[in-house]
Amino acid sequence: QVQLVESGGGLVQAGGSLRLSCAASGRGFSIRTMGWYRQASGKQRELVARISNVGRTTYADSVKGRFTISRDNAENTVYLQMDSLKPEDTAVYYCAAGLIDPYWGQGTQITVSS
């Protein structure tokens, strides 16, 4: 299996920035697509952003222009730079590896205060 370890969550004021990291175990294990999902309290999990091993990116409309996803292929690590955070960004953020039946990180809480 692939183990995903997330870091960088926390509490931030509206307009602030945070950077999330997610490292997949097994440097020799190739992962084509990695991404970030989030789930707000009482809502379904939704895609935030994803990136392929060749740099193709996809963003949710709600975060486009504010969030930037990137990755280090050699380390199987994916990052999410979050700028201009809004209270509606408050959610548990999950790292994912793979498109079909992905591996999931443990989740990290992002809370944006007004």
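For the structure itself, consult the block above.
Residues numbered from 1 in each chain as written. Predicted model: local features only at pLDDT ≥ 70, side-chain atom pairs only at ≥ 80, totals over all residues. Heavy atoms only, no water.

Chemist: Tell me about the sheet that holds strand β7 (residues 67-72), and name the residues and values.
Modeler: Here we have 4 strands laid out as an open sheet, ordered β1-β3-β8-β7, and antiparallel in their pairing. Taken across any chain shown, the strands that pair with only one partner, and hence form the sheet edges, are β1 (4-7) and β7. Direction aside, the axes of adjacent strands within the sheet are offset by 15 degrees on average. The pairing of strand β3 (residues 18-24) with strand β8 (residues 77-82) spans 6 bridges and is antiparallel. Among the inter-strand pairings, Ser21 is bridged to a residue of β8, identified as Tyr79. (Pairing = 2+ DSSP bridges. Helix = DSSP H or I, 4+ residues; strand = E, 2+ residues; numbered from the N terminus. Axes fitted to C-alpha atoms, helices over the stretch in contact; angles between N-to-C directions.)

Chemist: Lay out the environment of Asp61 with the relevant residues and their values.
Modeler: Residue position: Asp61 is located in the loop between β6 (57-59) and β7. A relative accessible area of 73% places Asp61 in the exposed class. Sequence separation between Asp61 and Val48 is 13 residues, and the spatial gap between their C-alpha atoms is 8.6 Å. (Buried < 20%, exposed > 50% of the residue type's maximum accessible area, 1.4 Å probe, protein only.)

Chemist: An account of the pairing of β8 is needed here, citing residue identities and associated values.
Modeler: On any regular strand, side chains alternate: one points to one face of the sheet, the next to the other face. As judged from the 6 bridges shared by β7 and β8, these two strands associate in the antiparallel manner. Within the sheet, the bridge partner assigned to Phe67 lies in β8 and is Met82. The antiparallel pairing of β7 with β8 creates a hairpin that spans 4 residues between the two strands, and Asn76 there sits at a positive phi of about 50 degrees.

Chemist: Describe the pattern of salt bridges, and please don't skip the residues or the numbers.
Modeler: Overall, the coordinates contain 3 salt bridges when judged by the stated rule. The residue Glu46 makes a salt bridge to Arg38 at a minimum N-O spacing of 2.9 Å. On the accessibility criterion, Arg38 (6% relative accessible area) is buried. Via salt bridges that share partners, Arg38, Glu46, Arg66 and Asp89 belong to a single interconnected network. (Salt bridge = Lys/Arg side-chain N within 4 Å of Asp/Glu carboxyl O.)

Chemist: Run through the nonpolar core, naming residues and quoting values.
Modeler: Residues Trp36, Leu80, Met82 and Tyr93 are the most contacted members of the largest nonpolar core, which totals 27 residues. Residue assignment for this core shows that the elements contributing at least two residues are β3, β4 (33-39), β5 (46-52), β7, β8, β9 (91-97) and β11 (108-113). (Core = buried A, V, L, I, M, F, W, Y, C linked by side-chain atoms within 4.5 Å.)

Purely geometric numbers; function is a separate question.
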